[in-house]
Amino acid sequence: MNTKASDLHGKNAIVTGGARGIGAATAITLARAGANIIIADLISAQETLQKVKETGRSAIAVKTDVSKVNDVKKMTEQAMDAFGQIDILVNNAGVVHSDSLLETSEITWDCVIDVSLKGTFLCTQSVYPHMRKQKYGKIINVSSISGIIGGAVSKPDDTPDMLMGRSGAAYASAKGGMIALTRWVAKNIAKDGIYVNAIAPGACETEMTQG
């Protein structure tokens, strides 16, 4: 096992949507590898914050709506004030829905696209100048298998939606857009020593996918 690859001591990571689910697991895992953590979420992150601190790493929670540019600027400023630099950004914040085409309202569409896709853009744009200045950065965008295959649209009647990865048009579109955005940004800022990647999880049993 290459332990050096997982040694993040001295690094600082922002995890959006870090209060629960994949985001919380990511924050705790990065902390165990040595990183200090900034948890950005609209809901209370106290439980995850406590688990991160139990690893011995420093952490702060910043109430953030990633779809609002002023919130994102505040998140970045507080991260810089607390730790002096930002080395890792995990764009994980997202909203799921499983409405049919005709059931998908404009409000739902805007909410899902704004949080997942616009939020990823705003957070990336906000931390980029700091990463560029230090000539180092890692950006990980949490997309979804739905962004690749368009989401599952049918399932056996006795199979929970979550297990089939069923998702609505807005969710699939947002996650597909994240993949395209990842490719574009990666090509444009690799010259600055910043590496940008996306991961595409399948269905995961988290608070967001239950119900």
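Residues numbered from 1 in each chain as written. Predicted model: local features only at pLDDT ≥ 70, side-chain atom pairs only at ≥ 80, totals over all residues. Heavy atoms only, no water.

Concerning the confidence of the model for the protein chain
Now for step 1: Per-chain confidence: the protein chain averages 90 in pLDDT, with 86% of residues scoring 70 or above.
Now for step 2: Counting contacts from residues 158-165, a segment whose pLDDT is below 50, to residues more than four positions away or on other chains yields 18 contacts. (pLDDT = per-residue confidence, 0-100. Contact = heavy atoms within 4.5 Å.)

Overview of the packing of helix 3 (residues 69-83) against helix 4 (residues 106-134)
Now for step 1: Interaxial distance between helix 3 and helix 4 falls to 9 Å at its minimum, and their mutual angle equals 35°. The element helix 3 and its partner helix 4 pack so that their crossing is right-handed. On helix 4, the residues touching Val69, Val72, Lys73, Met75, Thr76 and Met80 of helix 3 are Leu122, Cys123, Ser126, Val127 and His130. (Axes fitted to C-alpha atoms, helices over the stretch in contact; angles between N-to-C directions. Helix = DSSP H or I, 4+ residues; strand = E, 2+ residues; numbered from the N terminus. Left-handed = near helix turned anticlockwise from the far one by under 90°.)

A short note on a nonpolar patch on the surface
Now for step 1: A grouping of Ile145, Ile148 and Ile149 is seen on the molecular surface, where their side chains present a nonpolar patch of about 290 Å² in accessible area.
Now for step 2: Its place among the elements puts Ile149 in helix 5 (residues 146-149).
Now for step 3: For Ile149, a relative accessible area of 60% puts it in the exposed group. (Patch = residues over 30% accessible without salt bridge, like charges linked within 9 Å, V, L, I, M, F, W, Y side chains within 5 Å. Areas by Shrake-Rupley, 256 points an atom, 1.4 Å probe, with all protein chains shown as cover. Salt bridge = Lys/Arg side-chain N within 4 Å of Asp/Glu carboxyl O. Buried < 20%, exposed > 50% of the residue type's maximum accessible area, 1.4 Å probe, protein only.)

Description of the side chain of Lys175
Now for step 1: Considering the arrangement of structural elements, one finds Lys175 in helix 7 (residues 169-189).
Now for step 2: For Lys175, which is buried and forms no salt bridge, the nearest opposite charge comes from Asp41, at a distance of 12 Å.
Now for step 3: With near-sequence residues (within four places) excluded, Lys175 lies in contact with Ser116, Val142, Ser143, Ser144 and Gly147. (Lys, Arg positive; Asp, Glu negative; His and termini not counted.)

Quick notes on the pairing of strand 2 (residues 36-41)
Now for step 1: When you tally the buried positions in strand 2, you get six out of six residues, the bulk of the element.
Now for step 2: Of the two faces of strand 2, both are covered, the one formed by Asn36, Ile38 and Ala40 as well as the one formed by Ile37, Ile39 and Asp41.
Now for step 3: Two elements, strand 1 (residues 12-16) and strand 2, share five bridges in a ladder whose sense is parallel. Looking across to strand 2, one finds that Val15 is bridged to Ile39.
Now for step 4: In this fold, strand 1 hands off to helix 1 (residues 21-32), which returns the chain to strand 2; that crossover is right-handed.
Now for step 5: The pairing of strand 2 with strand 3 (residues 59-63) spans five bridges and is parallel. The residue of strand 3 that forms the bridge with Asp41 is Lys63. (Pairing = 2+ DSSP bridges. Right-handed = clockwise from strand over helix to strand, strands pointing away.)

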